[in-house]
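The lines below spell out each chain.
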Amino acid sequence: MLKVLKSGFFTSVQDLGRFHHRKKGVPVSGCMDQQSVYKVNTLLENDDRSAVLEITMTGPTLEFEKETSIVLGGALISVTLNNKPIQNYKVYQVKAGDILSYGSFKKGFRAYLAIKGGFRSKEILGSRSFYVPITDKNRLEAGDEVPYEEHQGFTPKISELKVDSLLDETVLEVYKAPEFELLTDRQLENLFSREFTVSKENNRMAYQLSETLEGHQHSILTSATLPGTVQFTPAGKLIILMKDGQTTGGYPRILQLSDKSISVLAQKREGNTISFKFI
Amino acid sequence: MIHPPISLKPYGRHALLIEWPNEVSETILESILDFEDFLVRDCLKEREWETISAYNSLLLVHPKIEIDFPKFSQSVKEWYERSKGSVAREKVLWKLPVSYDKAFGIDLDEVADRLGMGIDEIITLHTESVYTVYGIGFVPGFMYLGGVPQELEIPRKATPRLKVKKGAVGIAGKQTGIYPQESPGGWNIIGNCPIPLFDRNKKNPCFVNVGDKIQFQKVSLGEYELHKIEAEVGIYKPEKMLLDA
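On a predicted model such as this, the values are computed, not experimentally measured, just so you know. (Residues numbered from 1 in each chain as written. Chains lettered and ligands numbered in written order. Predicted model: local features only at pLDDT ≥ 70, side-chain atom pairs only at ≥ 80, totals over all residues.)

### Quick word on the overall build of chain B
Here is step 1 of the chain: A tally of regular secondary structure across chain B gives five helices and 14 strands.
Here is step 2 of the chain: Along the first, second and third principal axes, the C-alpha atoms of chain B reach 55 × 40 × 40 Å.
Here is step 3 of the chain: Taken across its 245 residues, chain B has 37% of its residues classed as buried.
Here is step 4 of the chain: For chain B, restricting intrachain contacts to residue pairs at least 6 apart in sequence, the fraction spanning at least 24 positions comes to 65%. (Helix = DSSP H or I, 4+ residues; strand = E, 2+ residues; numbered from the N terminus. Buried ≥ 20, exposed ≤ 12 C-beta atoms within 10 Å, placed from the backbone. Contact = placed C-beta atoms within 7 Å.)

### A closer look at the overall build of chain A
Here is step 1 of the chain: Of regular secondary structure, chain A possesses three helices and 18 strands.
Here is step 2 of the chain: Over its C-alpha trace chain A gives a radius of gyration of 19 Å, about what one expects of a compact globule, namely 19 Å for 279 residues.
Here is step 3 of the chain: Along the first, second and third principal axes, the C-alpha atoms of chain A reach 60 × 35 × 30 Å.
Here is step 4 of the chain: Within chain A, the proportion of its 279 residues that are buried is 48%.
Here is step 5 of the chain: Partitioning the contacts of chain A with sequence separation of at least 6, the portion at a separation of at least 24 is 77%. (Rg over C-alpha atoms; globule rule 2.2 N^0.38 Å.)

### Observations concerning the domain arrangement of chain B
Residue and element names in this part refer to chain B.
Here is step 1 of the chain: Taken domain by domain, chain B comprises domain 1 (7–82) and domain 2 (91–243).
Here is step 2 of the chain: Distance from the C-alpha centre of domain 1 to the C-alpha centre of domain 2: 30 Å.
Here is step 3 of the chain: Taken together, the contacts link seven residues of domain 1 with eight residues of domain 2.
Here is step 4 of the chain: Residue assignment for the side of domain 1 that touches domain 2 shows that the elements contributing at least two residues are helix H1 (26–43) and strand E3 (50–54).
Here is step 5 of the chain: For the side of domain 1 that touches domain 2, the element with the highest residue contribution is H1, accounting for three residues.
Here is step 6 of the chain: Here the side of domain 1 that touches domain 2 is built from residues that sort into five nonpolar, one polar and one charged. (Domains from an automatic or database assignment. Nonpolar A, V, L, I, M, F, W, Y, C, P; charged D, E, K, R; others polar.)

### With respect to the pairing of strand E14 (residues 239–243) of chain B
Residue and element names in this part refer to chain B.
Here is step 1 of the chain: The buried fraction of E14 is low, at zero of five residues.
Here is step 2 of the chain: Alignment of strand E5 (residues 91–98) against E14, held across five bridges, turns out to be antiparallel. Residue pairing across strands places Lys-91 opposite Leu-243, the latter belonging to E14. (Pairing = 2+ DSSP bridges.)

### Thoughts on the environment of B:Tyr224
Residues and elements named next belong to chain B.
Here is step 1 of the chain: Here Tyr-224 lies in helix H5 (residues 221–233).
Here is step 2 of the chain: Between the C-alpha atom of Tyr-224 and that of Leu-39, which follows or precedes it by 185 residues, the distance is 40 Å.
Here is step 3 of the chain: Ignoring anything within four residues of it in the chain, the contact list for Tyr-224 reads Pro-97, Ser-99, Pro-194 and Val-219.

### Focus: the sheet that holds strand E15 (residues 238–241) of chain A
Residues and elements named next belong to chain A.
Here is step 1 of the chain: Taken in spatial order, the seven strands of this closed barrel run E10-E17-E14-E15-E12-E11-E18, and their pairing is mixed. Strand-to-strand twist across the sheet, computed as the mean angle between neighbouring axes with direction ignored, equals 40°.
Here is step 2 of the chain: Relative to strand E18 (residues 273–278), strand E11 (residues 196–202) runs antiparallel, the two sharing two bridges. Bridge assignment links Phe-196 to a residue of E18, and that residue is Ile-274.
Here is step 3 of the chain: On the sheet, helix H3 (residues 259–266) packs against strand E10 (171–176), strand E12 (206–209), E15, strand E17 (253–257) and E18 and is oriented at approximately 140° with respect to E10. (Axes fitted to C-alpha atoms, helices over the stretch in contact; angles between N-to-C directions.)

### Some words on the sheet that holds strand E2 (residues 15–19) of chain B
In a beta sheet, neighbouring strands pair by backbone hydrogen bonds and run either parallel or antiparallel.
Residues and elements named next belong to chain B.
Here is step 1 of the chain: The sheet built from four strands is open, its strands ordered E1-E2-E4-E3 with antiparallel pairing. Each of the sheet's edge strands pairs with one partner strand only, and the pair in question is strand E1 (7–11) and E3. Going across the sheet, the axis of each strand differs from the next one's by a mean of 20°, ignoring polarity.
Here is step 2 of the chain: Bridge analysis of E2 against strand E4 (residues 57–61) gives five bridges, and the strand direction is antiparallel.

### Brief notes about the nonpolar core
Here is step 1 of the chain: One finds A:Val52, A:Tyr112 and A:Ile240 to be the most contacted residues of the largest nonpolar core, which totals 123 residues.
Here is step 2 of the chain: Here the element with the most residues in this core is strand E8 (residues 99–115) of chain A; it accounts for nine residues. (Core = buried A, V, L, I, M, F, W, Y, C linked by C-beta atoms within 7 Å.)

### A few points about the domain arrangement of chain A
Accessible area lost during the coming together of the parts is what is often quoted as the interface size.
All names here are of chain A.
Here is step 1 of the chain: The domain boundaries assigned to chain A delineate domain 1 (2–146) and domain 2 (171–278).
Here is step 2 of the chain: The partner domain 2 presents 15 residues to the 17 residues of domain 1 that form the contact.
Here is step 3 of the chain: Mapped onto the side of domain 1 that touches domain 2, the elements with two or more residues apiece are helix H1 (34–43) and E8.
Here is step 4 of the chain: Each residue belonging to the side of domain 1 that touches domain 2 can be placed in one class, and the counts come to six nonpolar, eight polar and three charged.

### So, H1(A)
Residues and elements named next belong to chain A.
Here is step 1 of the chain: If you check which residues of H1 are buried, you get Gln-34, Ser-36, Val-37, Val-40, Asn-41 and Leu-43.
Here is step 2 of the chain: Buried positions along H1 lie against strand E3 (52–56), strand E5 (68–81), E8 and H3.
Here is step 3 of the chain: Glu-45 sits one or two positions beyond H1 and adopts a positive phi of about 55°.

Okay, structure coming up:
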C-alpha cells in the first residue's frame, strides 16, 4: 500500500481511460497529460495502461509500505524522498517506510507519480481512473491507501530520460470539428490571431477561456463530443472539453485539439495564455 | 426501405461524424441505428472502434489510429449504400416504475397549477405516452427522451436546484427523463424511479440503448420501496417488452 499522509489539492488515480462505455454516457477519464505519463511508464517498463497518481496544483505526502521503483513526471515541482531532493524522469528505488513529500509547483499544473507495475486500485468498467459515480471517490484524502505490488531489484534499461518539456508550449494545434463552417470570417480571424486566457473555471471536465468571440444563434441537436473538443456557446464563450468531459453536448463544436495539445493544455492554470494554430 | 441522405464531417484525427437530416424523427433514428449495427457487425472490425449515436448523428471514433478523412469517408459512403436492407433490429420497450407520490413529486402542485390541470391528469398523460430514447449522455445513463405530449410541455424552473435526487423524474419543454445520479438540475420534478438507470457493478451498466422505447408505470409507495430494495441488492429486473419491427 501507498499511504496518503497529506492529500494535496487534488490527487487521483488515473490510467489511459475508460473506453467502450461512452455510448452510455460515461466519460473517457484517464490522465490529462498523457504525453508525460507515457514517458514515466516507459521508464519503468510498464504497460502503457498502468495506473499512476495525477497530482494537481499542490502535492501530497506519501509513505511507501513495500519496496518498489518510482518515476516522477509532468509538472516541475520540488519533491523530496526522505528529505533528499529528487528529479523528474529518473528511476528511484524506494523501501518500506520511505516518505515522498511534494513541495511547491515551479512550472506546470499536473504532476505524475508512476510506480513499477502500476497502482492497483479497483478496476471498474475496464479502468482504474477515478470518476464519480463510477468510482467512489474523485480524489485521494489523508488516510487513504492505494495498493501496489512489491518489486525488488528492478534494473531499468535506461534510468533517466532527457525530455523536451511540453510545459513551455503555449500553442494548441487544432483540427476542424464538425461545426467549424459556422464561424464567420470575423470570428475566425479573432480565433486564430489572438491569445486566450485560461479562466478560473478549469478542471478535469473542461477548461473555459476568459476572452469571448462575437456570439451566435446557431443551435445543434445534441451530438457526441470528445476530449479536446472546443465548444462555442451562443454568448461567444469557448469551452474546451477535457478527459472527464461529458460525452454529448448541444453547443457547436468548432475545433478539435490534437492529443499532444490536450497534454499541453492540461499543464495550464488560471491566468496562463494559449493560442490556436491549424496543424 | 428509407435511406435518407448523409453527410460526413471530419472531427479531429481519430473520429468521423456522420450526419443525417437535421430533424428529430424516428425514421432518421432508425436509419442511424440500422447503419450503426451494420458498421459494427461488418465493417469496423477492430476492438478499439466506438460508435456514439444521438438524434441525427453517429460518431465513429478510434483513439489509436489516424483517420485519413477522404479515404475513410469514401469507405463509409460505400458501406452506407451497401447497408440498404440490412437485418431488422430487435425493438424494445422498457416499462419503468415511477412513484408519483408527493414525497418525490415535489413540483407536482406547481406543475398542476401552471398547466391548469389536475395531478391525476398529469400522471395519466405522463404514463400513457411511449417515449423514444434519442441519445444517452450528459451523465452516465441519462436518456434524452422524445415524445412528450404537448399538453405536458412546461418551461424549466426559473432557478435550477443545486441538488436533484437520484432517480428523480422530471419534465421540461419537450423533454422528460430520469436523473440517474444526484446532480444539479432545472427540470420540474414529478416523481421518482427506484430502478437504477446506471449500475457500475453490471457488465452492461445501462440496460437501455439508444432507439429503445420507454413507458413509465405508476406504482404505489409500497411497490416503490420493494423495487428500491431489489435495486440495492442488485436483483431488480426492469420489465422488457419486445415490439414488432
